[in-house]
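Understanding the architecture of this molecule
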Amino acid sequence: MKELTTKLLVIGGGPGGYVAAIRAGQLGIPTVLVEGASLGGTCLNIGCIPSKALIHAAESFEVARHQAAGSQLGIRVADPQIDIAQTVRWKDGIVQRLTGGVGALLRKAGVQVIKGWAQIEDGKTVTVKPQDGEPLRLRCEHLLLATGSTPVELPSMPFGGAIWSSTDALSPDAMPKRLVVVGAGYIGLELGIAYRKLGAEVTVVEAAQRVLPSYDEELTQPVLDALKKSGIVLHLACSVQGWDAQHGVHVRNARAEEFALPADRVLVAVGRRPHTTGFGLEGLQLDMAGRYVAIDAHCRTSMRGVWAIGDVTGEPMLAHRAMAQGECVAEQIAGQNRRFEPMQIPAVCFTDPEVVVVGKTPGEARAAGIDCIDAAFPFAANGRAMTLESTGGFVRVVARRDNHLILGWQAVGRGVSELAAAFGQSIEMGARLEDVGHTIHAHPTLGEAVQEAALRALGHALHI
Amino acid sequence: MGIYIIRVPDIGEGIAEVELVSWHVQIGQNITEDQHLADVMTDKATVEVPSPMHGKVLALGGQPGQVLAVGAELVRLEVEGAGNLKENQASAPASQAQAAIVSEAPAAPVAGTETPAPAAPVSAPGAAPAPLRASAPPPRTPAAPRKEGERPLASPAVRRRAQDMGIDLRYVPGSGPAGRIGHADLDAYAAGGGQPQAGGGTQYVQRHGEEQIPVIGLRRKIAQKMQEAKRRIPHFSYVEEVDVTELESLRQRLNQIHGATRGRLTLLPFLARAMVLALRDFPQINARYDDEAGHVTRYEGVHLGVAAQTDAGLMVPVLRHAESLDLWQCAAGIARLAEGAKAGRLAREELSGSTITLTSLGALGGIASTPVINHPEVAIVGVNRMVERPMLRGGQVVARQLMNLSSSFDHRVVDGMDAARFIQAMRALLETPALLFVE
Ligand SMILES: Cc1cc2nc3c(=O)[nH]c(=O)nc-3n(C[C@H](O)[C@H](O)[C@H](O)COP(=O)(O)OP(=O)(O)OC[C@H]3O[C@@H](n4cnc5c(N)ncnc54)[C@H](O)[C@@H]3O)c2cc1C
């Protein structure tokens, strides 16, 4: 077998793996990246980017339909149509541009990319059968696991045919008339809302009592209101029993009554599981943290010279966490002192309205025994929100009572995902309420609500 | 004035890269021709790199532990006359090695970010290019440790600089609002050597320090070799007790008679002799196994690896053709190799090509050990300490000199039976030392 020796071998070309490889290349570390599917991983190919593209298309279509019905802005359009095949082609074009860009960045950094599935032999040896060419044995000093995650299947409803994973929902063969979404987490709701806007009848089934169960109720209430207004049918506290083509999805509610929800497509979005089996990882017998590969503050696994980052290492399973960990590992291999210990990792739901959570929520802060104050400023009192016809939602801040150190930010509303940058920065910089409250924010912007929330927590909001 | 670039020299056939072991000059220093610039290491030997020119050191091409390609930039000198660097090359380093140059010029600040004050010793002219972390030793006792789990408050720029300096921010007092640690706080702490403030208390304090010692240089080579050996070779170990009473009295007698003229003998040459003789009947044990190609190469000559402890770690120099040496030649050869290894003066040829290895922990020898085979050999014999012990001989308790041999074999190509018989053959020779001299 042909052999290749390198200093760093990265398995997985998702946001974790490719960022680690680029950074390592920049630092002069001989690096090989092995990717079995496509560069960019889940995020670029079947996750963050294509879902946001679809959401944008759905949104644009809905605006047009709304205007066809006569809008208060005075705009009238004729009966709008959508060619879903063209929408998918447009989305695929974006994905292609981005994955091509990742390839170019890797090349520029001097990283050797090998297309093929890696099979781990031991902590220093990996074999690959490339798509074209003969099998290769790769030896390395450092092995980085960035193998990501895969969607969880329901045993009673395996993926295929009418049963969609999120991947299928991002490349629909045709528009479903009736879509049942199983799971009201961010992936299920983002896609469910998009399909509703594209014209499907959407029903959501969720086992918990609430939508977006990992967030607090105050924050998710505007999302719940919007879901109801949009005509999406919700079945909360209900479990899914199975599926048949004639009746649809079998559901049992909290009172143990069973009923069926007719559907021509079912999107199962009940979570993701780390990709830890099927490529020899078991053989390393690494310490695990539940289903995930256990890592320390340096992203080291229990085996020397073997590192792990991204979804395979646990929550929050988000692209930007994977990227930051990738950078951290590359720099350590280059001999720098690094730890992965951010003050916060932002999380965004691209539902309508959007939800952003950065740092601690009031509940989390109190549970940690911190005496804190929190205050919210509603978009109903924000001029920019009015001009955007989106006055629902609010910005909320959480701070220590004793020294006003900001512990967390949450927001819900249209376009609030972009506020994540300001939120994250204020927490990383150790800002106090006064720092944000006394920073001039441009008028008229949604960001003014950020300043006002801080002022309100100090007891003197100006516009409410 | 010109710039002269000294490159990593071509050290021997087939060597593409070297590891930088240590610097003997520093940035800003004036040096003379032939002055010792740096030590670099290949697979086997450490080599001194001298300067071809007089000049002043402008930049050093890396940090100890870094691997540099042959031909990469090692040292940049300012010299009288034109030098060897053209104007247009000066500003744009082309190769990776050049990019890693530790230079006098402070790194350009990234637009829009706060520029940290340059960390003291690395870029200061005249200072040794020590890694950043060395500039601020971790505190020996906690100064003002925060509560367990409480995060020190500092901006990302301050946190990153602290990591680079090897400072744990939990111990750094913050003077900013809400106790925030600023760059100035960090500087003050580093300048104070990370010493705790006054404040008595108990000596029973929790310690939280961590220190990473880079495994580089010979240590790294040893670690890689050991791991390789243990990972690839299924070791089979065998321990046997040998009565060396007679051997020991022979040794002392020989030293009395010939010590002054021919040199004193330790036990090692006798062991080497026993090994040479025993191997005649076990050719598969004096061998190297190429497990990739799938063949064992047996050798007629015995090239004896003799493990030697040096300050830098374990090395295994090779006594060539041990079968052709008498006791004293063997003793002299071993002594010469051990000295050479300690001084780091052995050539590549003296450090490669062994066919079997003998290892001794000398006086520290313990009762038994599990020696690690010197890959790609297939056997290693270790000597444990000689002790005087009571033995029963014909119903009488007598004092005897006993010594254990601990051996390991590559079980893929050496059967346990053969391994045991080989050690028994050595034992027979050692217990009846006259046999050592019978051809
Ligand atoms: C529908 C959807 C929407 C999402 N939206 C967002 C969002 O808006 N924001 C956000 O932050 N996150 C989002 N995520 C999550 C995000 O995609 C992941 O957190 C991120 O991709 C994790 O990165 P990673 O590098 O750990 O793994 P992945 O991106 O999963 O990459 C792993 C890669 O490794 C490869 N691989 C695995 N095993 C092998 C092997 N043995 N040999 C070779 N290659 C191998 C895989 O082919 C894959 O390309 C979304 C996910 C989904 C599914």
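Residues numbered from 1 in each chain as written. Chains lettered and ligands numbered in written order. Predicted model: local features only at pLDDT ≥ 70, side-chain atom pairs only at ≥ 80, totals over all residues. Heavy atoms only, no water.

Let's talk about the overall build of chain B
Counting its regular elements, chain B contains 10 helices and 19 strands. Counting across all 439 residues of chain B, residues that qualify as buried make up 40%. Restricting to contacts in chain B with at least 6 residues of sequence separation, those with at least 24 account for 65%. Summed over its atoms, the accessible surface of chain B is roughly 22,600 Å², and 54% of this surface lies on carbon and sulfur atoms. (Helix = DSSP H or I, 4+ residues; strand = E, 2+ residues; numbered from the N terminus. Buried < 20%, exposed > 50% of the residue type's maximum accessible area, 1.4 Å probe, protein only. Contact = heavy atoms within 4.5 Å. Areas by Shrake-Rupley, 256 points an atom, 1.4 Å probe, with all protein chains shown as cover.)

A few points about the overall build of chain A
The secondary structure content of chain A amounts to 13 helices and 23 strands. Partitioning the intrachain contacts of chain A with sequence separation of at least 6 by distance along the chain shows that 62% fall at a separation of at least 24. Accessible surface computed for chain A: about 20,000 Å², of which carbon and sulfur atoms make up 53%.

Topic: the site of the ligand
All names here are of chain A. Close to the ligand lie 40 residues, the nearest being E35, T42, K52, A118 and D311. In the environment of the ligand, a nitrogen atom lies 2.8 Å from a nitrogen or oxygen atom belonging to the backbone of A118. L318 is positioned such that a nitrogen or oxygen atom in its backbone is 3.3 Å from an oxygen atom of the ligand. Bound to the protein, the ligand loses 95% of the 1,000 Å² it would expose on its own. For the shell around the ligand, the secondary structure elements donating two or more residues are helix 1 (15–26), strand 2 (31–35), helix 2 (41–46), helix 3 (48–68), strand 3 (112–122), helix 6 (186–197) and helix 8 (319–333). With four residues, helix 2 is the single largest residue contributor to the shell around the ligand. Grouping the constituent residues of the shell around the ligand by class yields 18 nonpolar, 18 polar and four charged. (Near = heavy atom within 4 Å. Polar contact = N/O pair within 3.5 Å; in protein donor to acceptor, adjacent residues only side chain to side chain. Nonpolar A, V, L, I, M, F, W, Y, C, P; charged D, E, K, R; others polar.)

Overview of the layout of surface pockets
All names here are of chain A. Taken as a whole, the second largest pocket encloses approximately 920 Å³ of empty space. Considering the residues around the second largest pocket, the lining is formed by 28 residues, among which E62, K229, D352, E389 and R414 are closest to the centre. Split by residue class, the lining of the second largest pocket holds eight nonpolar, 10 polar and 10 charged. (1 Å grid on protein atoms, 1.4 Å probe; cavity = no way out; pocket = protein on both sides within 12 Å on 5 of 7 lines; lining within 4 Å. Points joined across faces, edges and corners; volume = space filled by probe spheres on them.)

Digging into helix 4 (residues 156–165) of chain B
For helix 4 of chain B, the full list of buried residues reads B:V158, B:R159, B:R161, B:A162, B:Q163 and B:M165. Its buried side turned inward, helix 4 of chain B meets helix 11 (420–428) of chain A together with helix 5 (183–191) of chain B. B:G166 sits one or two residues past helix 4 of chain B and shows a positive phi near 75°.

What about the pairing of strand 8 (residues 73–79) of chain B?
All names here are of chain B. The element strand 8 is largely enclosed, with a buried count of six among its seven residues. As paired strands, strand 1 (residues 2–7) and strand 8 are joined by six bridges and run antiparallel to one another. In the strand pairing of strand 8, I5 is matched with R76. The sheet contact formed by strand 6 (residues 55–60) and strand 8 spans four bridges and is antiparallel. (Pairing = 2+ DSSP bridges.)

Things to note about the sheet that holds strand 4 (residues 36–41) of chain B
Residues and elements named next belong to chain B. Read from one edge to the other, the open sheet built from four strands follows the order 5-4-2-7, with strand pairing classed as antiparallel. Edge strands, defined here as strands with exactly one partner in the open sheet, are strand 5 (46–50) and strand 7 (67–69). Across the sheet, the mean angle separating the axes of adjacent strands is 45° when strand polarity is ignored. Bridging between strand 2 (residues 17–23) and strand 4 involves four bridges; their strand directions are antiparallel. Paired with S22 across the two strands is D39, which belongs to strand 4. (Axes fitted to C-alpha atoms, helices over the stretch in contact; angles between N-to-C directions.)

Looking at the interface of chain B and chain A
Tallying the contact residues gives 22 residues for chain B and 27 residues for chain A. Inspection of the chain B/chain A interface yields six salt bridges. Two residues, B:R231 and A:D122, come together in a salt bridge whose shortest N-O distance is 2.6 Å. Scanning the region where chain B abuts chain A turns up eight residue pairs in polar contact (both at pLDDT 80 or more). At the level of secondary structure, the elements contributing two or more residues to the side of chain B that touches chain A comprise helix 4 and helix 6 (217–232) of chain B. By residue number, the principal contributor to the side of chain B that touches chain A is helix 4 of chain B, which donates five residues. Residue composition of the side of chain B that touches chain A, by class: five nonpolar, seven polar and 10 charged. (Salt bridge = Lys/Arg side-chain N within 4 Å of Asp/Glu carboxyl O.)

Some thoughts on the pattern of salt bridges
All names here are of chain B. For the structure on display, the rule yields 44 salt bridges over all chains. Note that E241 is salt-bridged to R389, the shortest N-O span being 2.9 Å. In this pair, E241 is assigned in strand 10 (residues 235–243) and R389 in strand 18 (residues 379–393), connecting sequence segments 148 residues apart. For R389, a relative accessible area of 35% gives the class partly exposed.

Let's talk about the sheet that holds strand 10 of chain B
All names here are of chain B. Spatial strand order, 10-19-18-17-13-16: six strands in an open sheet with mixed pairing. The strands lining the two open edges of the sheet, one partner per strand, are strand 10 and strand 16 (318–319). Relative to strand 19 (residues 396–410), strand 18 is paired through 13 bridges, and the arrangement is antiparallel. The residue of strand 19 that forms the bridge with I380 is S408.

Comments concerning a nonpolar patch on the surface
Side chains of A:L73, A:I75 and A:V77 sit close together on the surface and give an oily, nonpolar patch of about 220 Å² of accessible area. Take A:L73: it is sitting in the loop between helix 3 and helix 4 (84–108). (Patch = residues over 30% accessible without salt bridge, like charges linked within 9 Å, V, L, I, M, F, W, Y side chains within 5 Å.)

Examining the packing of aromatic side chains
Taken as a whole, this structure holds four aromatic pairs over all chains when the rule is applied. Ring centres of A:W164 and A:Y195 lie 5.6 Å apart, and the angle between their planes is 50°; on these two criteria the pair is classed as tilted. Of this pair, A:W164 sits in strand 7 (residues 163–164) while A:Y195 sits in helix 6; the two residues are 31 residues apart in sequence, bridging distant segments of the chain. What makes A:W164 buried here is its relative accessible area of 4%. Between B:F409 and B:F422, the ring centres sit 6.3 Å apart and the planes meet at 90°, which makes this aromatic pair edge-to-face. With B:F409 in strand 19 and B:F422 in helix 10 (residues 416–431), this pair connects stretches of sequence that are 13 residues apart. Of the residues examined, B:F409 reaches a relative accessible area of 0% and is grouped as buried. We classify B:F422 as buried; its relative accessible area is 0%. (Phe/Tyr/Trp six-rings, centres within 6.5 Å; stacked < 30°, edge-to-face > 60°.)

Details of the nonpolar core
Judged by nonpolar contacts, the single largest core of 58 residues is most densely connected at B:L271, B:L405 and B:F422. Of all hydrophobic cores here, the second largest spans 38 residues; its members include A:F61, A:I84, A:V211 and A:A269. (Core = buried A, V, L, I, M, F, W, Y, C linked by side-chain atoms within 4.5 Å.)

A look at the environment of B:L325
Structurally, B:L325 is set in the loop between strand 16 and helix 9 (327–342). A sequence separation of 56 residues divides B:L325 from B:P269, and the C-alpha atoms of the two residues are 9.5 Å apart.

Remarks on the confidence of the model for chain B
Regions with low pLDDT carry predicted coordinates that are not meant to be interpreted in detail. Residues and elements named next belong to chain B. Put simply, chain B has an average pLDDT of 80, and 79% of its residues get 70 or more. Taken element by element, the predicted model of chain B shows its lowest mean pLDDT in helix 3 (residues 120–123) (35) and its highest in helix 10 (96). Here residues 87–143 is modelled with pLDDT under 50, and outside its nearest four sequence neighbours on either side it reaches 85 contacts, counting other chains as well. For this predicted complex, the interface confidence reaches an ipTM of 0.80, while the overall pTM sits at 0.64. (pLDDT = per-residue confidence, 0-100.)

Notes on the packing of helix 8 (residues 268–279) of chain B against helix 9 of chain B
Residues and elements named next belong to chain B. Direction vectors running N to C along helix 8 and helix 9 enclose 115°, while the axes themselves pass 9 Å from each other. The two elements helix 8 and helix 9 meet at a crossing, and its hand is right-handed. Only L327, C330, A331 and I334 of helix 9 make contact with helix 8, whose side of the interface consists of L268, P269, F270, A272 and R273. (Left-handed = near helix turned anticlockwise from the far one by under 90°.)

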